[in-house]
Amino acid sequence: MLPGFTLPWSTNTEDLRRGSGQILRQLSGFPFQLSLPFERLAAHQSCPPDSLVRTWVRGQEKVCSAPRMIPLLQVQDLHVAYISRAGKESPALAGVGFDVRPGETLGVLGESGSGKSTLALALPRLLPGNAEIQKGVILFEGQDLLRAEPRALERIRGARISLTFQEPSLALHPTIRIGGQIGDVLAAHESLSGGALRRRVLQLLAEVFPGDPERIADSYPHQLSGGQQQRVLIAQAIACGPSLIVADEPTASLDPTTQQDIIGLFRTLREKFNLSLILITHNPALLAGLADRILVLYAGKVVEIGSTEQVLTLPQHPYTLALLQSVPGRLDEPAKGRKSRLPVIPGEAPNLAALANGCRFAARCADRMELCTKREPAAVAVSEAHAVACFKYGG
Ligand SMILES: Nc1ncnc2c1ncn2[C@@H]1O[C@H](COP(=O)(O)OP(=O)(O)OP(=O)(O)O)[C@@H](O)[C@H]1O
Ligand code: SF4
Ligand SMILES: [Mg+2]
């Protein structure tokens, strides 16, 4: 994590490119050719660099003797497609893999349509009826969620994995008081009623509204601001003591100050309840002070994953670089020091129902090579626990 971190690349990306080049020169003696799936690379996060490098050179993953933390969540080779009425498949996630460790915050970054919400809904198996999980593994607390019985899934959803949605006004029932809505979540998983339920509701609301939980409990959603509604969703999310919260664009509809308040609240609750967090956003600036690692998603593929510092200060994939260049400067000074228009990523994301061969970013990539339109690049380690799917680094 990088508390108080700001985004230096918005006005001068040349420094950034020089930084990336320096890392590559330092590592130029290492063989990049050996590629591993993202989730297997990530599993080596706690290995010392030496043993990690030896592992790649010999092509054996188990050389490393350093202790490894067991992930809370492991996603491997996840494929999800939406099926149209005519039976046409649109692959929204194509081989996504990563892990989340206990107490870790993983940021998921990507532009609109990259598959962020599909991923959020796939984890607790809450995808709409026209979506199909075609392949993959989702291991959560040692349980294979893709093979779990419906009753087991019911026990996990809301209790062990909680989801918060992008638009709180749609997630809250307009005619039920806030206290009642939080009480419903508690009653579904715990045997509480009457005064005990009310006390627990107020206790939860006090976590997110330290000042006035009683007033909030007796309010209807329309009497609350967008930021207050998001706090209510967060209270619901922590109600049953989950180990993982998946927050899908929790600040998208909020002003910058309220966004920072909500990020601060996540930080506080994460420490207090030892939560793991998957924070989904299209805004890298929000991840700077919160995420331990960042996964970059493009057209249903993980194109880069690494520590927050690696991804935000030394991005390697051309898409990550372009995404970061399109971000305004410091959060607290959005316009200061910006002399020219922000660059935008040229072109559009590909039509998932009619994908061409090769790298999915090829049509928009200034670094495109002939190979890029022939086949898809695989994940390649560019430094410890930092992996990129791009032919510039092997792939
Ligand atoms: N219910 C659905 N039926 C058909 N296609 C869908 C459905 N939901 C999403 N898609 C498609 O799946 C792809 C990924 O969508 P998704 O909503 O996961 O992206 P996202 O990254 O969350 O985007 P945003 O930032 O706009 O929320 C898109 O091409 C989208 O059009
Ligand atoms: S693989 Fe090729 S097209 Fe894709 S991001 Fe890398 S350089 Fe660009
Ligand atoms: Mg979404």
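Predicted model only: the values in this text are computed from it and were never measured.

Participant: Just to check I follow, could you spell out the pairing of strand 11 (residues 379–383) for this structure?
Facilitator: On any regular strand, side chains alternate: one points to one face of the sheet, the next to the other face. Burial within strand 11 is extensive, with four of its five residues counted as buried. Alignment of strand 11 against strand 12 (residues 386–389), held across four bridges, turns out to be antiparallel. Residue pairing in the sheet places A381 in a bridge with A387 of strand 12. Following strand 11, the chain reverses through two residues before pairing antiparallel with strand 12; A385 in that reversal takes a positive phi of roughly 60°.

Participant: Could you clarify how one ought to interpret the site of ligand 1 in this entry?
Facilitator: Close to ligand 1 lie 15 residues, the nearest being Y82, S112, K116, S117 and T118. Those elements giving two or more residues to the shell around ligand 1 turn out to be strand 2 (89–100) and helix 4 (116–122). Here the shell around ligand 1 gets three residues from one element, more than from any other, and that element is helix 4. For the shell around ligand 1, a count of residues per class yields four nonpolar, 10 polar and one charged.

Participant: Help me understand the sheet that holds strand 3 (residues 105–109), please; the structure alone is not making it clear to me.
Facilitator: Working definition: the strands of a sheet are paired by backbone hydrogen bonds and lie parallel or antiparallel to each other. Ordered by their spatial adjacency, eight strands build an open sheet running 6-7-8-3-9-10-12-11, and the pairing between neighbours is mixed. In the strand order of this sheet, the two ends are held by strand 6 (161–164) and strand 11, each with one partner. For this sheet, the mean angle separating the axes of adjacent strands, direction not counted, is 20°.

How each quantity is defined
- Residues numbered from 1 in each chain as written.
- Chains lettered and ligands numbered in written order.
- Predicted model: local features only at pLDDT ≥ 70, side-chain atom pairs only at ≥ 80, totals over all residues.
- Buried ≥ 20, exposed ≤ 12 C-beta atoms within 10 Å, placed from the backbone.
- Helix = DSSP H or I, 4+ residues; strand = E, 2+ residues; numbered from the N terminus.
- Pairing = 2+ DSSP bridges.
- Near = placed C-beta within 6 Å.
- Nonpolar A, V, L, I, M, F, W, Y, C, P; charged D, E, K, R; others polar.
- Axes fitted to C-alpha atoms, helices over the stretch in contact; angles between N-to-C directions.

These values are about where atoms sit, not about what they do.
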